[in-house]
Amino acid sequence: MTVAETTSGKARGSRGGALRRVWEGVSVIFHSGVAVVGLVVIVFWILVAILAPVISPHDPLAQDSAAINQPPSSQYPLGTDNLGRDIMSRLIYGSRTILLLAPISVACSVAVGTFLGLLGGYFGGLIDEVVMRILDSIMAFPTILLYLIIIAAIGPSAVNVVVAITFVGAPGVARLVRSLTLDIRTRDYIRAAETRGENPFYIMFFEILPNARGPIIIDSMLRIGYAIFSIGTLGFLGLGLPPPTPDWGGMISEARKFIWTNPLGVLWPALAISSLVVALNLFADGLREESTRYM
Amino acid sequence: MQQPRDIPVLNVENLAVSYETRRGDVEAVRDVSFAIQRGEAHGIVGESGCGKSTVAFSVVNFLGRNGKIVDGRILFQGRDLVGRSQEELRTLRGDRIAMVYQDPMQALNPSMRVGDQLSEVLVIHRGMDQDEAEDMCIHMLEQVHMPDPANVMRRFPHQLSGGQQQRVVIAMALLNDPALLIMDEPTTALDVTVEAAVLDLIAELQTKFDTAIMYISHNLGVVARVSDRVGVMYAGTMVERATVKDVYLRPSHPYTLGLMRCVPKLGMDKTSSYLYPIRGRVPSPTNLPPGCIYEPRCDFARPVCSQKLPEMREVEPGHWARCHFAEDVLAGKLTSADTDVPDLEGLEKLRAGAEPVLSVEHAKTYYPVPSKRLVGGQKQYVKAVDNVSIEMRKGATVGIVGESGCGKSTLVKTIIGLETPTDGELEFMGVDISTPVSARDLDLIKNLQMVFQNPDSTLNPSFSVGAQIGRPIRRFKTVPGAQVRAEVLRLLDMMRLGENYYERLPRQLSGGEKQRVGIARAIAGRPELVLCDEPVSALDVSVQAAVLNLLLEVQQEMGTTMAFIAHDLSVVRFFCDTIAVMYLGQIVEFGPAEAIYAPPYHPYTEALLSAVPIPDPAAEQQHIRLSGSVPSALNPPRGCRFHTRCPRRNLLPDGGNICETEVPPWRFDTDDHRIFCHIPLEELRKMAPVVTTEEGGHAG
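Residues numbered from 1 in each chain as written. Chains lettered and ligands numbered in written order. Predicted model: local features only at pLDDT ≥ 70, side-chain atom pairs only at ≥ 80, totals over all residues.

Turning to the overall build of chain A, a few remarks are in order. Each helix and strand in chain A was counted, giving 12 helices and zero strands. Each helix and strand of chain A, ordered N terminal to C terminal, gives the series α-α-α-α-α-α-α-α-α-α-α-α. Projected onto its principal axes, the C-alpha coordinates of chain A cover approximately 75 × 50 × 25 Å. The buried share of chain A, reckoned over its 295 residues, is 41%. Of the contacts formed within chain A by residues at least 6 apart in sequence, a portion of 68% connects residues at least 24 apart. (Helix = DSSP H or I, 4+ residues; strand = E, 2+ residues; numbered from the N terminus. Buried ≥ 20, exposed ≤ 12 C-beta atoms within 10 Å, placed from the backbone. Contact = placed C-beta atoms within 7 Å.)

On to the overall build of chain B. A count of helical and extended segments in chain B gives 24 helices and 27 strands. Against the compact-globule benchmark of 27 Å for 700 residues, chain B has a radius of gyration of 27 Å, which places it among compact chains. Projecting the C-alpha coordinates of chain B onto the three principal axes gives extents of approximately 75 × 65 × 55 Å. By the burial criterion, 51% of the 700 residues in chain B qualify as buried. Taking the intrachain contacts of chain B between residues at least 6 apart in sequence as the baseline, contacts between residues at least 24 apart amount to 68%. (Rg over C-alpha atoms; globule rule 2.2 N^0.38 Å.)

This part covers helix α17 (residues 484-494) of chain B. All names here are of chain B. Of all the positions in α17, only V488, L491 and L492 are classed as buried. Around the axis of α17, the buried residues are gathered within 100° of arc, so they sit on the same side. Here the buried face of α17 lies against α16 (465-476) and α18 (511-523). Downstream of α17 by a residue or two, R496 has a phi angle that is positive, lying close to 60°. (Arc of directions from axis to C-beta.)

Within helix α1 (residues 52-59) of chain B, seven of the eight residues are buried, leaving the element largely enclosed by the surrounding structure. For α1(B), the full list of buried residues reads K52(B), S53(B), T54(B), V55(B), A56(B), F57(B) and S58(B).

Residues and elements named next belong to chain B. Burial of strand β8 (residues 212-217) is extensive: six of the six residues sit out of reach of the surface. Sheet topology note: the strand β3 (residues 41-45)/β8 ladder contains five bridges and is parallel. The residue of β8 that forms the bridge with G43 is Y215. For strand β7 (residues 180-184) and β8, the ladder comprises five bridges, and the chain directions are parallel. From the neighbouring strand, L180 faces β8, where its bridge partner is A212. (Pairing = 2+ DSSP bridges.)

What follows covers the confidence of the model for chain A. Chain-level pLDDT for chain A is 84 on average; 92% of the residues reach the 70-or-more range. Within the model, the stretch residues 1-14 of chain A combines pLDDT values under 50 with 14 contacts to residues more than four positions away or in other chains. (pLDDT = per-residue confidence, 0-100.)

Turning to the domain arrangement of chain B, a few remarks are in order. All names here are of chain B. Split into domains, chain B comes out as domain 1 (107-175), domain 2 (355-460 + 520-580) and domain 3 (598-698). Placing a centre on the C-alpha atoms of domain 2 and another on those of domain 3 gives a separation of 24 Å. Across the boundary between the two partners, domain 2 contributes 11 residues, which contact seven residues of domain 3. Put simply, the parts of the chain that give the side of domain 2 that touches domain 3 at least two residues each are β14 (380-393) and α20 (569-575). If one sorts the elements of the side of domain 2 that touches domain 3 by residue count, β14 sits on top with four residues. In terms of residue class, the side of domain 2 that touches domain 3 is made up of six nonpolar, three polar and two charged. (Domains from an automatic or database assignment. Nonpolar A, V, L, I, M, F, W, Y, C, P; charged D, E, K, R; others polar.)

As a further point, take the interface of chain A and chain B. Each side of the interface is counted separately: chain A has 21 residues, and chain B has 26 residues. Partitioning the side of chain A that touches chain B into residue classes produces seven nonpolar, eight polar and six charged.

Residues and elements named next belong to chain B. Relative to each other, helix α4 (residues 114-126) and helix α7 (residues 162-174) sit at 20°, their axes nearing to 9 Å. Here α4 is positioned roughly parallel relative to α7, judged by the angle of their axes. The interaxial crossing formed by α4 with α7 has right-handed handedness. Each of V114, Q117, L118 and V121 in α4 lies in contact with α7, whose residues at this interface are V168, A171 and M172. (Axes fitted to C-alpha atoms, helices over the stretch in contact; angles between N-to-C directions. Parallel < 35°, antiparallel > 145°, perpendicular 65-115°, else oblique. Left-handed = near helix turned anticlockwise from the far one by under 90°.)

For the rest of this paragraph, the subject is the sheet that holds strand β16 (residues 423-428) of chain B. Residue and element names in this part refer to chain B. Here we have four strands laid out as an open sheet, ordered β14-β13-β16-β17, and antiparallel in their pairing. Lying at the two open borders of the sheet, with one neighbouring strand each, are β14 and β17 (431-432). For β16 and β17, the ladder comprises two bridges, and the chain directions are antiparallel. Bridge pairing in β17 links F428 to V431.

Moving on to the nonpolar core. Core analysis: the largest hydrophobic core is formed by 280 residues, its most contacted members being A171(B), L180(B), M214(B), F564(B) and V581(B). For this core, the element with the highest residue contribution is helix α5 (residues 87-123) of chain A, accounting for 14 residues. For V581(B), the residues in contact, after removing those within four places along its chain, are V401(B), G402(B), I587(B), V588(B), E589(B), I596(B), H602(B), Y604(B) and T605(B). (Core = buried A, V, L, I, M, F, W, Y, C linked by C-beta atoms within 7 Å.)

Before going further, it helps to spend a moment on unusual backbone geometry. All names here are of chain B. With an omega of 0°, the peptide bond between P599 and P600 qualifies as cis. Along the chain, P600 falls in the loop between α21 (593-596) and α22 (603-611). For N14, which is not a glycine, the phi torsion comes out positive at approximately 45°. The topology assignment puts N14 in strand β1 (residues 10-21). Positive phi values are uncommon outside glycine, yet D31 reaches one of about 50°. If you trace the backbone, D31 turns up in strand β2 (residues 24-36). With 18 C-beta atoms counted inside 10 Å, the residue D31 sits in the partly exposed group.

What follows deals with the sheet that holds β1(B). Residues and elements named next belong to chain B. Strand order in this open sheet of four strands is β2-β1-β4-β5, and the pairing throughout is antiparallel. Each edge of the open sheet is held by one strand with a lone partner, namely β2 and β5 (79-80). With eight bridges joining them, β1 and strand β4 (residues 67-76) adopt antiparallel strand pairing. Bridge pairing in β4 links Y19 to G67. Strands in contact with α1 are β1, β2 and β4; relative to β1, the strand with the most contacts, it is inclined by about 105°.

Turning our attention to the environment of H319(B). Residue and element names in this part refer to chain B. By secondary structure assignment, the location of H319 is in strand β12 (residues 319-321). The class for H319 is partly exposed, based on 19 C-beta atoms found within 10 Å. Here the alpha-carbon distance between H319 and R229, two residues 90 residues apart in the chain, equals 10.0 Å. Excluding its chain neighbours within four sequence positions, the residues that come into contact with H319 are A242, D246, S252 and E314.

What follows is about the confidence of the model for chain B. Residue and element names in this part refer to chain B. Looking at chain B, pLDDT values average 85 and 94% of them are 70 or higher. The low-confidence segment residues 696-700 (pLDDT under 50) makes 17 contacts with residues lying over four places distant or belonging to another chain. In the predicted assembly, ipTM is 0.80 and pTM is 0.82.

Attention shifts here to the environment of L118(A). With respect to the helices and strands, the residue L118(A) is situated in helix α5. Beyond its immediate sequence surroundings of up to four residues, L118(A) is in contact with V177(A), T181(A), M204(A), I208(A) and L209(A).

All names here are of chain A. The topology assignment puts L146 in helix α7 (residues 143-154). A sequence separation of 134 residues divides L146 from L280, and the C-alpha atoms of the two residues are 24 Å apart. Residues contacting L146, with those up to four places away along its chain left out, are F141 and V168.

Residue and element names in this part refer to chain A. Between α5 and helix α6 (residues 125-139), the shortest axis-to-axis distance is 7 Å and the interhelical angle comes to 145°. Crossing geometry of α5 relative to α6 is assigned as left-handed. Of α6, the residues touching α5 (which contributes L116, L119, G120 and F123) are G125, I127, D128, V131, M132 and L135. Looking at side-chain class alone, the contact of α5 with α6 contains seven nonpolar, two polar and one charged residues.

This is the structure:
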């Protein structure tokens with residue numbers, strides 16, 4: 001009740017109201033220490049990706065045949081790899097690809113999954129059966145196997161990595177959205193929309209989806225973490241970006257052959273991947289905790 | 001443990017309870033005092049959030065981790081319970097205080113048989129052996145009038161009906177022969193006919209067991225029926241305390257007076273009387289007014305009221321009130337300016353000689369039930385609406401009443417197109433409406449709108465009030481695009497909501513406000529017919545009156561036809577011109593409101609009326625109780641569907657055998673009033689009126 005009283009005074013004009021609402025949502029993050037830690041790491045990597053040309057000491061593709069598999073030195077702060085390339089520069093540029101590909105592929109799988117989940121959950125019946133059984137059959141495959149099959153079929157490239165992650169991730173999103181839809185569609189405001197003769201797609205996207213956004217956003221955060229992992233895995237298996245593009249997974253895969261002579265070559269990209277994945281998980285957990293606390 | 005009669009079983013003195021929250025301590029209850037003697041039932045009545053349950057929880061020390069008693073004493077059989085350790089409390093209280101909650105399903109363990117749960121109480125507390133305990137449990141189930149108790153002992157809770165479950169809970173509470181029985185809204189979740197039977201039981205137990213009962217309810221009628229004395233609570237404190245008769249007939253606090261004036265008495269109707277809502281809303285405990293807590297909403301407030309908090313004082317022997325001017329209120333000396341009374345002349349005119357808007361003939365809505373066998377098997381149907389005929393005239397209000405599961409909502413959903421009828425003819429303004437809403441054209445859709453029951457789910461939490469009211473206006477193009485905002489503001493104003501509500505989100509509104517926005521949304525397209533599915537049953541009484549008044553105004557201003565589902569027969573009587581009584585998917589009586597509430601009655605209508613809790617201790621009510629619960633609509637009884645529970649079958653020769661075999665005929669009392677019964681009208685006319693009030697004869 002006090003919330004209503006204090007906000008009513010400030011809520012003037014739609015733009016101010018909307019902005020304030022967004023800020024209210026964002027400020028929730030700062031209540032959770034865990035989420036803040038995650039956010040700091042994520043922001044660090046985003047800054048690194050944006051500033052890559054400024055902060056990287058070398059060209060990530062430049063080979064120095066005089067310095068192969070070197071330990072850290074003042075010239076190469078994190079050492080060099082088997083072709084004499086600067087690991088630090090490759091990590092910095094590698095963050096660009098991964099921070100671009102992961103959100104894009106998650107966005108695609110969330111888009112596809114949300115659509116299918118809304119479809120099955122809202123219409124129910126035969127549509128639901130058909131959609132969900134197809135998605136179930138996709139989920140029945142082990143994810144790695146599915147990645148291998150898809151990439152083997154369409155070839156490794158940035159676009160195909162996105163396609164593969166979308167294909168593998170969409171069924172999970174669809175299940176989540178379907179269960180949310182099943183709940184939300186029983187509410188009276190959906191009845192009200194129906195008695196207004198609204199188009200089913202209007203009801204799905206404007207009446208149901210906005211009320212499912214919280215869990216979908218939190219799930220997406222976790223999914224970006226998984227996607228980074230998957231992109232790393234694909235890179236490690238040689239199914240990610242074609243060389244010589246700097247790619248964290250690919251870097252681990254190459255450095256692995258020289259693990260005895262240059263163990264740090266494996267460590268750095270592995271640390272990069274895990275720091276980002278852990279940060280995203282912390283962020284999502286903190287967000288979920290704080291958002292459910294006030295329900 | 002025999003106690004002398006003069007020591008009250010429970011004596012609460014100046015109790016204050018506060019809860020710790022993030023924003024500091026919140027005093028939920030302040031300065032509450034009352035006493036309960038042996039064999040006495042003390043009602044505590046008040047709107048939601050006024051601290052009724054907190055008082056009950058502090059007696060049983062159930063305040064949770066963040067609640068604590070900050071002041072006052074709670075004397076149980078003369079000994080103070082406040083400030084004792086759990087261990088001391090256990091020995092002091094022993095098993096002498098029992099509590100019954102609102103939802104029986106949550107009080108019973110779903111995975112244990114009823115018999116095991118009951119006998120466990122005796123085995124653990126009394127150290128009885130199993131056989132002895134079971135015998136005593138069966139005896140106790142007999143005491144609460146449970147049919148076939150030995151059989152019930154072997155069942156699981158989900159195999160019992162709601163009323164039976166509550167009887168089990170009450171039996172369990174009584175097993176230890178408690179000195180004090182606390183009941184927190186024990187009948188709120190039950191149907192009115194079941195509720196009446198449980199209330200009878202409570203009254204009977206009170207005398208039979210000589211137990212002190214603390215009865216909490218928001219329903220004035222229910223409290224009037226079971227209590228000897230009543231305390232009225234408002235915003236965490238008690239504002240009036242006296243015998244039932246004094247509180248209901250001679251209230252001496254403006255809030256009590258306000259409550260009495262905002263509930264329709266059975267027999268009142270909209271053309272002759274008016275409901276006076278209490279303005280404003282209950283203040284939040286963090287933001288209490290400095291003087292009298294009721295001052296901001298009080299019609300009689302004077303300058304002193306906003307400065308000085310009145311003490312609870314004895315206005316006359318045994319009649320306590322917390323008001324500076326209690327004597328004046330009691331003497332009826334104070335009058336308020338009733339500026340809000342709408343002019344109701346227009347309504348009368350509209351009703352007379354209006355053309356039919358909707359006609360439903362022999363409508364059937366069946367839901368298929370999947371057969372339990374894998375292959376083949378006969379397909380079964382839940383006959384939610386079975387052969388219903390109903391007509392609505394322009395500008396009239398048709399009430400639909402009946403117990404839950406009788407098909408009221410399905411009928412309304414069929415009319416609006418959310419369900420497709422299996423059979424029958426439905427016509428709305430000359431257009432066939434036996435089609436689902438998706439197959440209807442926009443004009444038809446515009447003219448049929450609905451108001452929903454649950455204020456918490458009627459509005460989409462993601463959109464502002466303005467956007468949600470604006471949507472139907474845009475969609476039905478009621479006004480040109482540029483004027484939509486002005487039209488929304490006009491509707492908000494009509495609902496007594498200011499311009500500042502335009503940008504608010506539903507979570508910033510109270511229940512009554514949400515419901516008003518829901519009404520504004522329904523009438524935004526200027527529909528011909530508005531279907532209201534229990535629009536006020538989830539609201540507090542003071543808010544309920546305001547919403548009913550708004551609906552009346554809408555009807556008057558726009559000439560809207562309304563269908564009004566409700567389970568509160570007093571509200572239906574007040575609000576509706578024509579009433580349809582439904583039982584198990586069929587209409588059993590249909591006619592003008594005044595004819596429904598006077599003989600001749602359908603036996604089911606008679607039973608319903610006799611079950612209504614009336615907030616008037618002076619009213620005389622016939623005692624007719626239905627046995628059993630509503631049969632399954634999957635396999636409705638043959639012949640007359642009501643024959644399994646009908647208390648009037650014996651009016652027919654050979655005990656009404658015909659009722660079991662033949663579908664009853666429609667008997668026409670007048671052209672407008674019809675009754676679906678085998679009993680001839682002459683016999684039905686001989687019935688006595690169910691409710692008689694002191695002033696106005698029977699409630700017709």
